[in-house]
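Fold and contact review
Letter by letter, the chains look like this.
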Amino acid sequence: MKTFDYRKALTPEAAVETFDGETARFIAGGTNLLDLMKLQVETPDKLVDISRLDLASIDEREDGGLTIGALVPNADLAADPRVIDRYEVLSRALLAGASGQLRNKASTGGNLLQRTRCYYFYDTGSRCNKRTPGSGCDAIGGANRILAVLGTSEHCIATHPSDMAVAMRALDATVLTLKRDGDRRRISIHDFYRLPGDTPHIETVLDTGELITHIELPKPPSGRQAYRKVRDRASYAFALVSVGAVIHIQERRIARAAFAFGGLAPMPWRSQAVELALIGKAPTRDTFEAAADALLAEAKGFGGNDFKIPLARRTLIATLRDLTEH
Amino acid sequence: MDPFTNSLTMDKPCPQSLLDTGVQGSISRPFDRVDGPKKVSGKATYAAEYDVPDLAYGFLVGSRIGAGRVVSIDADAVRSLPGVIDVVTDFDRFIRVAGQGGETEAPTQGVKTITSRGEIIAIVVAETYEAARDAALQLPVNYEREGGAFDFAAHRNEANAPPDGVTPAHASQGDIEKAMAEADVSIDVTYVTPSQNSAAMEPHASIAVWEQDGSLTLYGAYQMPTSDASQLADALGLPSEKVRIISRYIGGGFGSKLGIAPESVAAAIAAKQIGRPVKAVMARQQVFEATVRRSNTEQRLRLAATADGTLTAIGHESLVSNQPGEDFFEPVGIGTHMIYAAENRLITHEQVPLNFVLSGSMRAPGEAVGMVGLECAMDELAEQLGMDPIELRRINDTSIDPEKGVPFSSRCLTGALDEGARRFGWDRRQAPASRRDGEWWIGMGMASSVRGNMLMESSAKVEIHPDGSATVSSAMTDIGTGSYTILAQIASEILGIPVWQISLSLGDTNDPPAAGSGGSWGAGSSGSAVYLACETLREKLATAMGVETSALTLKDGQAIAANRSQPIGELVGEGIAAVGKIKPGKQEEETTQASFGAHFAEVAVNSVTGEVRVRRMLGVFAAGRVLNAKTARSQCLGGMTFGIGTALTEELVHDRRDGKLVNRDLAEYHIPVNADVPQLDVHFLRERDIHANPIHAKGIGELGISGAAPAIANAIYNACGIRVRDFPITLDKLLAKLPDPN
């Protein structure tokens, strides 16, 4: 591990102030960052420890939504009775991720910022545009079974590993931040992530030193929710495909649908086309097929991961069927 | 006083055992591990945990190319980093690959030549682990790349026969082609299994300490310290007696710690060079890249049978891989030689040269993957015959080794099949793809289990002290299996001294040499050495009591004979000691020795996604005397768990362009986690093997994995009607053939 400077921040303001220099990093649970530092995939000069900030509560707002502190552990968020009761997709997504030990340590804000699990990103002896911009991508043409089929570019086919973030997209969450200049921002989760394009090392719209302080959930959506994760073993494995779903049926028509997907793309994926194919339609097999067609119209496999396309289709249709059956 | 010696070569059967006549009641009981409290309280010292003064920390440097040469290492570039002491390499003496189990010479040395990515070429030594790692990751190395062989499929035509190993490379009898042509029913299928990693929890680690007399003490993680000391001495150019290995606790081996690994030689050379003790612990990625793997296999199975199910031919032809010039081959057909009768037989192994990390022994080398091909093919044959798969195996059971013509020392295959069928509810099995539970297809499968039994030359010293306690010492190891406990139980049973009064010293080559742990031989071999030592001590106690040995009863610390009772401690003066030595003999040729069993599995296959979940498993085993009902069961549970891994998840993924092992950590190399392992049941059949050794026990641990994976694969077929012959059976391989679920 490269030598680094370590500073402890006690307030969000102090945290962003301490974050000087391009290569500093905030550290909360450290469940991803520390591994990456040991491998020198990440080599920060400075760590600003934000784990003691007073951002570990979950509060109800007057509009019926929840404000989740960025430091709420994944385990606590998953077990919160309000989350279980009103945002089932989020609780289930959290519990589908990682292991009990990791969920105890991992923070809500950090979860959003997990780095990809692409094999070549983790190996500093491989070419990776995300790790070393401009070096190339060894995953294309390499072992890519776990990688993306949507939203890729010729520079990067990595997937985003988070389960929680998939649910956050299905729930239309908002990310609240504090910038170094003291400004506060509200960023829709739908605008939060960036596709790789020719800058796969830039994964979000956060500015340097911008701190996630909270995540807001709007008032609970009506209808039914589900999170279905398909993986290689029953626990402690990243999603090959996952579906976070919220659907509301009124008078035998789909009145509202919010579908987000994990394991398929460089960011938690949400497709308006899927929802357009569903809303206003009767929940029939044809409707579901049309939704799957809409999701996967632009999907492109890289050999090892071709199976994700039929897998996503089958998983989406089964999820729709489950949610619309009585 | 010099210890007495009691040696036995297994030339004749041992029909009587003191374990049957002892009255202490220690043997076979499900004692908790005697080392358990130390382990759970953190007091058990693993290799990297010894507190050595003036210790320096080493971090290994692995090659970043898969084949070629090291041109230069720019040590100066990192020497001045804070905390760095030195960059050490020795292009001649560093070992290029890990050692194989039981070898007494050094493995291939010389690291100027790179034969696989991750080969250890240097060690950076620093005042802290972190400083050493930082410098090691930054160390500039110039390479000259050469074309290597990284793609099994592209190089499979270059296969050639290796020298014979634990099983012959090529063996045949009769005429398989003719038998296939004349068969009523035949099967000709190819099964593929991937490279695997042992994935022991404890990484390979060494602390090297040079003593003032020029000898080396190495705290290491080893299964076989006695032969490993010889390997290490040879690598360093020392006489064997100048190397002492201490391996008191080992966090799992599964074959990967049978021989020395590169960190030991690197730590020893670095310690010599800097004049301080050096600790080198492999990073998890290095364990994957620089120790051993189980070879991938491609197995062609040919089975011929008459209409009534009698096998007339068995063909098991395997392609495996290893580095060019390395002799070890995965002995895929080793179980096939002995499990079923059939007149015509062909069992071959060919080696494909590949620039992957060394292939070596891992979790039941041979049977664990060989039984995959054979037992899945048997399932296919049973279906073709329209016969119950258990009945097919029963028909072809044999009491005579079908190739050597000698009897089995003991064999309860049919007994295990029948008992398992009854306990598992096999009669509720239905036709393929006919049982559903919601979205899930449900199916049952089974497979036979076999694992060769081995006796290895071993010795142990047992000493009775005047206070009535006893000490057992041997260079035997406990790799998490329960050796400490069963050796204490054996001594306790024969000497009539309670288990809690027996202390043990294991894993130190200063103690009497032993074969250590591997190949499931540890309990039978070291247990017999302890038995023999105790046998002699018992005779000495009888003499001290003035009675015939047969008239002596030893129980609860008392010697009882001729209406007298005396504390054992009072009979030993200042203490008496005996060394027991066991050696294999003619019994190995006059009988074929193996443990047998049967695996049963019930699985669920998701009709939408192809995900497979094991619902329950049962293993019924016959392995001679069970020395401790709890540790024996735990061994089998572990084996069955790794059977789940073999069937469903475990696979080393190599980049075919450059040989890079891409999933080299435990997040991406998927061993089963708790949620993958359902209720596992283990049942032992009562058996004694008088030809195996004086304690009548055979190997257990590896029996639990042998046959477990094909039972699961056969259950998958029964569940959904899809036969996947490419392991592991991940969901993508089922998905393509699964019908539309909606």
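What counts and how
Residues numbered from 1 in each chain as written. Chains lettered and ligands numbered in written order. Predicted model: local features only at pLDDT ≥ 70, side-chain atom pairs only at ≥ 80, totals over all residues. Heavy atoms only, no water. Domains from an automatic or database assignment. Contact = heavy atoms within 4.5 Å. Buried area = accessible area lost by both parts, 1.4 Å probe. Salt bridge = Lys/Arg side-chain N within 4 Å of Asp/Glu carboxyl O. Pairing = 2+ DSSP bridges. Helix = DSSP H or I, 4+ residues; strand = E, 2+ residues; numbered from the N terminus. Axes fitted to C-alpha atoms, helices over the stretch in contact; angles between N-to-C directions. Polar contact = N/O pair within 3.5 Å; in protein donor to acceptor, adjacent residues only side chain to side chain. Nonpolar A, V, L, I, M, F, W, Y, C, P; charged D, E, K, R; others polar. Buried < 20%, exposed > 50% of the residue type's maximum accessible area, 1.4 Å probe, protein only. Phe/Tyr/Trp six-rings, centres within 6.5 Å; stacked < 30°, edge-to-face > 60°. Lys NZ or Arg CZ within 6 Å of the ring centre and 35° of its normal.

**A look at the domain arrangement of chain A**
Residue and element names in this part refer to chain A.
- According to the domain assignment, chain A consists of domain 1 (58–113 + 160–217) and domain 2 (224–324).
- Here domain 1 and domain 2 have C-alpha centroids that lie 21 Å from each other.
- The interface is formed by 25 residues belonging to domain 1 together with 25 residues belonging to domain 2.
- In total, domain 1 and domain 2 occlude about 2,000 Å² of area from one another, counting both sides; carbon and sulfur atoms represent 61% of this.
- In terms of surface lost to domain 2, no three residues of domain 1 exceed His160, Val166 and Arg169, which account for 29% of the buried area on that side.
- At the boundary of domain 1 with domain 2, the tally comes to 3 salt bridges.

**Here's the deal with the sheet that holds strand E22 (residues 553–555) of chain B**
All names here are of chain B.
- As summarised here, the arrangement of the 3 strands in space is E22-E23-E24, forming an open sheet in which the pairing is antiparallel. With partners counted over all chains shown, the strands left at the sheet margins are E22 and strand E24 (564–567), one partner each. Adjacent strand axes in the sheet meet at a mean angle of 25° when their direction is disregarded.
- Two strands pair when backbone bridges link them, and strand E23 (residues 558–561) and E24 are joined in this way by 4 bridges, in the antiparallel orientation. Following the sheet pairing, Ala561 is matched in E24 by Arg564.

**Details of the domain arrangement of chain B**
All names here are of chain B.
- Structurally, chain B comprises domain 1 (4–30 + 457–583), domain 2 (47–147 + 198–290) and domain 3 (400–454 + 590–735).
- Opposite the 30 residues of domain 1 that make contact, domain 3 presents 23 residues.
- Summing both sides of the interface, domain 1 and domain 3 together bury roughly 2,100 Å²; the carbon and sulfur share of this comes to 58%.
- Among the ionic pairs, Asp20 bridges to Arg625, the shortest N-O distance being 3.0 Å.
- The interface formed by domain 1 and domain 3 includes 10 residue pairs in polar contact (both at pLDDT 80 or more).
- Of all the secondary structure elements, the ones that give two or more residues to the side of domain 1 that touches domain 3 are strand E1 (4–10), helix H1 (18–21), helix H14 (483–495) and helix H15 (522–545).
- Counted by class, the side of domain 1 that touches domain 3 contains 14 nonpolar, 13 polar and 3 charged residues.

**Quick notes on the pairing of strand E27 (residues 612–622) of chain B**
Residue and element names in this part refer to chain B.
- Counting buried positions along E27 yields 9 of 11 residues, so the element is predominantly enclosed.
- Examined bridge by bridge, strand E26 (residues 594–606) and E27 share 10 bridges and lie antiparallel to one another. Of the residues in E27, the one forming a bridge with Glu602 is Arg616.
- In this structure, the hairpin formed by E26 and E27 is closed by a connection of 5 residues, where Gly610 is found at a positive phi of approximately 80°.

**Overview of the environment of Val41 of chain A**
All names here are of chain A.
- Secondary-structure assignment places Val41 in the loop between helix H2 (33–38) and strand E3 (46–49).
- Between the C-alpha atom of Val41 and that of Ala299, which follows or precedes it by 258 residues, the distance is 29 Å.
- Excluding residues within four positions of it along the chain, Val41 makes contact with Leu36, Phe121, Tyr122, Thr124 and Arg131.

**Let's talk about the interface of chain B and chain A**
- With 41 residues of chain B in contact, the opposing surface of chain A contributes 43 residues.
- Summed over both sides, the interface of chain B with chain A buries roughly 3,400 Å², with 47% coming from carbon and sulfur.
- Joining chain B to chain A, the criterion identifies 8 salt bridges.
- A salt bridge links Glu439 of chain B to Arg228 of chain A; the nearest nitrogen and oxygen atoms lie 2.6 Å apart.

**A closer look at the packing of aromatic side chains**
All names here are of chain B.
- Under the definition given, this model contains 14 aromatic pairs over all chains.
- Measuring from centroid to centroid gives 5.6 Å for Phe424 and Phe600, while their planes differ by 35°, and the two rings are tilted. Highlighted residues: Phe424 in helix H13 (residues 413–424) and Phe600 in strand E26, separated in sequence by 176 residues. Comparing Phe424 with Phe600, the two get one shared label, buried.
- Measuring from ring centre to ring centre gives 5.7 Å for Trp426 and Phe600, while their planes differ by 75°; the resulting arrangement is edge-to-face. Of the two residues, Trp426 is situated in the loop between H13 and strand E17 (436–437) and Phe600 in strand E26; the sequence distance between them amounts to 174 residues.
- According to the relative accessible area criterion, Phe600 is buried, its value standing at 0%.
- Members of the aromatic cluster, joined through ring pairs, are Tyr46, Tyr249 and Tyr484.
- Lys112 extends its terminal NZ or CZ atom over the ring of Phe91, reaching a point 4.4 Å from the ring centre.

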